[in-house]
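The primary structure of each chain is shown beneath.
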Amino acid sequence: MQISTAGGVLSLVFCALLWSTGGVLVKLVDWNPFAIAGMRSLLGLFTVCAMLRRLPSFTVRDEKSGRVDGRGTLYLYIAAVCYAGTMILYIVANKLTTAANTILLQYTDPVYIILFGPLILGEKNRKSDYVTVAGVVLGMVLFFADGLGSGRMLGNILAALSGTTWGFCTIYMRKLRRRGSQDAFMLAHGMTFLAGVPFILIYGPPAGNVMLSSCIGLVLLGIFQIGMPSILYARGIGSVRALSASFISMIEPLMNPVWVLLFMHEVPSVWTGIGGVIILGCIVGRELVQRGKSVQKK
């Protein structure tokens, strides 16, 4: 099904909003982080398969001939491995450092898209892209000004690595477009579950009331925080440039403190508010500039 650019943007916005609940929900689950990542992905995989009414495909086929596309299949597995790495690193980093540090460092992914996107995708960067990156970086530094220095080094390193894997995942998802991006997400969930199985067996689930809250958190994480967004992102990335998708996805760190305020009653700092306004302003401003240029060309 063909999706317009506006529809793609809307899908990515809803995707980012659901993703943004991760910081709060992970705190509800008192499990080993690898076990959390594995169970979350198992539930996410069931959700995606149920909504699409099919199992994942392990190859990409040419739309005209129906033959297996070797290059497309390679992109499929690169995207899947990168996303599996992103999910695992995100959960582990959340347990080792602050949620603010984790999400900030994960969203360094535009750097990799700017550096490697033109080479891999052939999508040229624009002046507004570089200006937006600078504005977003400034906004996010202010946004998490109270948290960046308080995290543990290992957690920060893992969070930064998740930014690398997420950047390349975005690039190769865009490379796939509609020919396998949903399958890449499903395969990534399967890989993440398999990686988490040993930790689930070794550590097992907690007992008592902790078990109840953990199960609730896992169900919400699997279905709403990772399952449904997988479909939304796969639909959106096919009609939106990789860098645009990255900027739109930054609604996720913008909304994180909102959920924390609503459910944990933690009031964001003034720097958080200023940074959030800068981030949102840069994203909206860039989209308006690009849309205005597109209209002028027509």
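In the block above lies the structure referred to throughout.
Now for a look at the structure at hand. (Residues numbered from 1 in each chain as written. Predicted model: local features only at pLDDT ≥ 70, side-chain atom pairs only at ≥ 80, totals over all residues. Heavy atoms only, no water.)

1. Comments concerning the overall build of the chain
Consideration 1: Across its full length, the chain carries 13 helices and 0 strands.
Consideration 2: Written out in order from the N terminus, the α and β elements of the chain read α-α-α-α-α-α-α-α-α-α-α-α-α.
Consideration 3: Counting only residues that meet the buried cut, the chain has 53% of its 298 residues in that class.
Consideration 4: By sequence separation, contacts in the chain at least 24 residues apart represent 88% of the contacts at least 6 residues apart.
Consideration 5: Accessible surface for the chain amounts to roughly 13,900 Å². Of this, 69% is attributable to carbon and sulfur atoms. (Helix = DSSP H or I, 4+ residues; strand = E, 2+ residues; numbered from the N terminus. Buried < 20%, exposed > 50% of the residue type's maximum accessible area, 1.4 Å probe, protein only. Contact = heavy atoms within 4.5 Å. Areas by Shrake-Rupley, 256 points an atom, 1.4 Å probe, with all protein chains shown as cover.)

2. Description of the nonpolar core
Consideration 1: In this structure, Trp19, Tyr83, Met173, Tyr233 and Met250 are the most contacted members of the largest nonpolar core, which totals 72 residues.
Consideration 2: Per-element tally for this core: the top contributor is helix 4 (residues 70-96), with 14 residues.
Consideration 3: Excluding anything up to four places from it in sequence, methionine 173 contacts Ala79, Ser181, Ala184, Phe185, Tyr233 and Ile237.
Consideration 4: Counting 6 residues, the second-largest nonpolar core is a separate cluster that includes Leu45, Leu52, Met186 and Ile231. (Core = buried A, V, L, I, M, F, W, Y, C linked by side-chain atoms within 4.5 Å.)

3. Remarks on the packing of helix 4 against helix 5 (residues 99-106)
Consideration 1: Running from N to C, helix 4 and helix 5 cross one another at 150 degrees; their axes reach a closest spacing of 8 Å. Judged by the angle between their axes, helix 4 and helix 5 are roughly antiparallel. Between helix 4 and helix 5 lies a crossing of right-handed hand. Of the residues in helix 5, those in contact with Thr86, Tyr90, Ala93 and Asn94 of helix 4 are Ala99, Thr102, Ile103 and Gln106.
Consideration 2: Here the residues of the contact of helix 4 with helix 5 are counted per class, giving 4 nonpolar, 4 polar and no charged. (Axes fitted to C-alpha atoms, helices over the stretch in contact; angles between N-to-C directions. Parallel < 35°, antiparallel > 145°, perpendicular 65-115°, else oblique. Left-handed = near helix turned anticlockwise from the far one by under 90°. Nonpolar A, V, L, I, M, F, W, Y, C, P; charged D, E, K, R; others polar.)

4. Details of helix 3 (residues 33-52)
Turn by turn, an α-helix covers 3.6 residues, leaving residues three or four places apart pointing in a common direction.
Consideration 1: The end-to-end C-alpha separation of helix 3 is 28 Å, in line with the 28 Å expected for 20 residues at 1.5 Å each.
Consideration 2: Most of helix 3 sits inside the fold, with 15 of its 20 residues counted as buried.
Consideration 3: For helix 3, the side-chain oxygen to backbone nitrogen distance between the N-cap and phenylalanine 34 is 2.9 Å, and the N-cap itself is asparagine 32.
Consideration 4: A positive phi of about 60 degrees marks arginine 53, the residue just after helix 3. (Expected span 1.5 Å × (residues − 1). Polar contact = N/O pair within 3.5 Å; in protein donor to acceptor, adjacent residues only side chain to side chain.)

5. So, the pattern of salt bridges
Think of it this way: side chains of opposite charge can pair up when their charged atoms draw near.
Consideration 1: Scanning all chains against the criterion turns up 1 salt bridge.
Consideration 2: Arginine 54 is the partner of aspartate 183 in a salt bridge, and the nearest nitrogen-oxygen pair spans 2.7 Å. Pair noted here: aspartate 183 is in helix 9 (residues 181-203) and arginine 54 is in the loop between helix 3 and helix 4, with a separation of 129 residues, a long-range link.
Consideration 3: Aspartate 183 sits in the buried class, given a relative accessible area of 9%.
Consideration 4: A relative accessible area of 31% means that arginine 54 is categorised as partly exposed. (Salt bridge = Lys/Arg side-chain N within 4 Å of Asp/Glu carboxyl O.)

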